[in-house]
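Results of the structural survey
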Amino acid sequence: MPETVPQAAGRDAEATPDAKTIVVMPALNAAKTLEFTVGSIPRDVVDEVILVDDRSTDETLEIARQLGVSVIWHPHNVGYGGNQKTCYLEALQRNADIVVMLHPDGQYEPELIPKLIEPIRAGDADLVLGSRMMVAGAAKEAGMPLYKRLANRFLTTAENRVLKTDLTDLHTGYRAYSRELLLTVPFLRNSLDFSFDSELLMQASHFGFHIKEVPARTRYFADASSVGFGASTVYGLKTLWAAARLQLHRAHVLPSRKYSP
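Everything numeric here is computed off the predicted structure, so don't read it as measured data. (Residues numbered from 1 in each chain as written. Predicted model: local features only at pLDDT ≥ 70, side-chain atom pairs only at ≥ 80, totals over all residues. Heavy atoms only, no water.)

This part covers the pattern of salt bridges. A full pass over the atoms with the stated rule returns eight salt bridges. Its salt-bridge partner being K258, residue E199 comes within 2.8 Å of it at the nearest N-O pair. Remark: K258 occurs in the segment after α9 (229-250) and E199 occurs in helix α8 (residues 195-206); sequence separation between them is 59 residues. The class for E199 is buried, based on a relative accessible area of 5%. (Salt bridge = Lys/Arg side-chain N within 4 Å of Asp/Glu carboxyl O. Helix = DSSP H or I, 4+ residues; strand = E, 2+ residues; numbered from the N terminus. Buried < 20%, exposed > 50% of the residue type's maximum accessible area, 1.4 Å probe, protein only.)

Here you go:
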């Protein structure tokens, strides 16, 4: 099975073989898994690691300060999307060419980072997704609940129709972005919650950026962060609304600043 899936043509990406790569970690109560996750990051391809703590109530902040990573803390909790906004702004100000978003809970394998950034370094993509669904049966074997697998497939199918793509997992939290993409899409206008990811993906497609995938293994265990059924339902509805807003924007029926320069 190929490690990337070619997508519809978009704007030409530029090869950056010597790209400065920064890993950003949006953290909330990740004390139990943080040291292992940071220790698994391949530092031969990663120049810096930035952790943004969204007012954790455990020892996340104290542990992060001992791990040799750059730490930023929020005095107030702003949510998953708000945390990512700080992550990307800080990475851009540190002149990152590639930004990898890695959850600190150990659910996604840091060892995949070289494969995740390679399409961007080669100029073949501006956004690379670590797909849990590319390898048949992998998500089930890893312990992803049935309702999440079914919801992922339904939402991904619906979004593919809107975006005119053929991706396998549009809801992975493991992503790499090019600098140009983050400077172009207005991600600061996005939601503060989990729908931020869906909005940013749709913005990337709308602005013509190339999107590719690589297979990613994931782990579901007690200390990994997980969104419950109720929150997942709300997230699904917000994702469908984001797709509808993009359609309405494209049809010039209801313009949205999220899809405007």
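Glancing now at a nonpolar patch on the surface. Taken together, the side chains of F154, L237 and L240 make up a nonpolar region of the molecular surface, amounting to roughly 300 Å² of accessible area. Tracing the backbone shows L237 in helix α9. For L237, a relative accessible area of 56% corresponds to the exposed category. (Patch = residues over 30% accessible without salt bridge, like charges linked within 9 Å, V, L, I, M, F, W, Y side chains within 5 Å. Areas by Shrake-Rupley, 256 points an atom, 1.4 Å probe, with all protein chains shown as cover.)

The buried fraction of strand β1 (residues 21-27) is high, at seven of seven residues. The two faces of β1 match: T21, V23, M25 and A27 on one face and I22, V24 and P26 on the other face are all buried. With four bridges connecting them, β1 and strand β4 (residues 98-101) associate as parallel partners. Within β4, the residue paired with I22 across the bridge is V99. Pairing geometry for β1 and strand β2 (residues 48-53), over six bridges, is parallel. Across the sheet, residue P26 finds its bridge partner in β2, namely V52. As a crossover connection, the stretch from β1 through helix α1 (residues 34-39) into β2 is right-handed. (Pairing = 2+ DSSP bridges. Right-handed = clockwise from strand over helix to strand, strands pointing away.)

This part covers the pairing of strand β5 (residues 127-131). Successive side chains on a regular strand alternate, one facing one side of the sheet and the next facing the other. In terms of burial, β5 is a largely internal element, five of the five residues being buried. Here β5 shows a buried face lined by L127, L129 and S131 and a second buried face lined by V128 and G130. The sheet contact formed by β5 and strand β7 (residues 211-215) spans five bridges and is parallel. Within β7, the position partnered with G130 by the bridge is V214.

Here we take up the packing of aromatic side chains. Throughout the structure, instances matching the rule amount to five aromatic pairs. Ring centres 5.4 Å apart and planes at 70° place the aromatic pair Y88 and Y177 in the edge-to-face group. Of this pair, Y88 sits in helix α3 (residues 80-93) while Y177 sits in strand β6 (residues 175-178), and the two are 89 residues apart along the sequence. For the pair Y88 and Y177, one class covers both residues: buried. Among the residues examined, Y88 registers a relative accessible area of 0% and is labelled buried. Members of the aromatic cluster, joined through ring pairs, are Y88, Y177, F187 and F196. (Phe/Tyr/Trp six-rings, centres within 6.5 Å; stacked < 30°, edge-to-face > 60°.)

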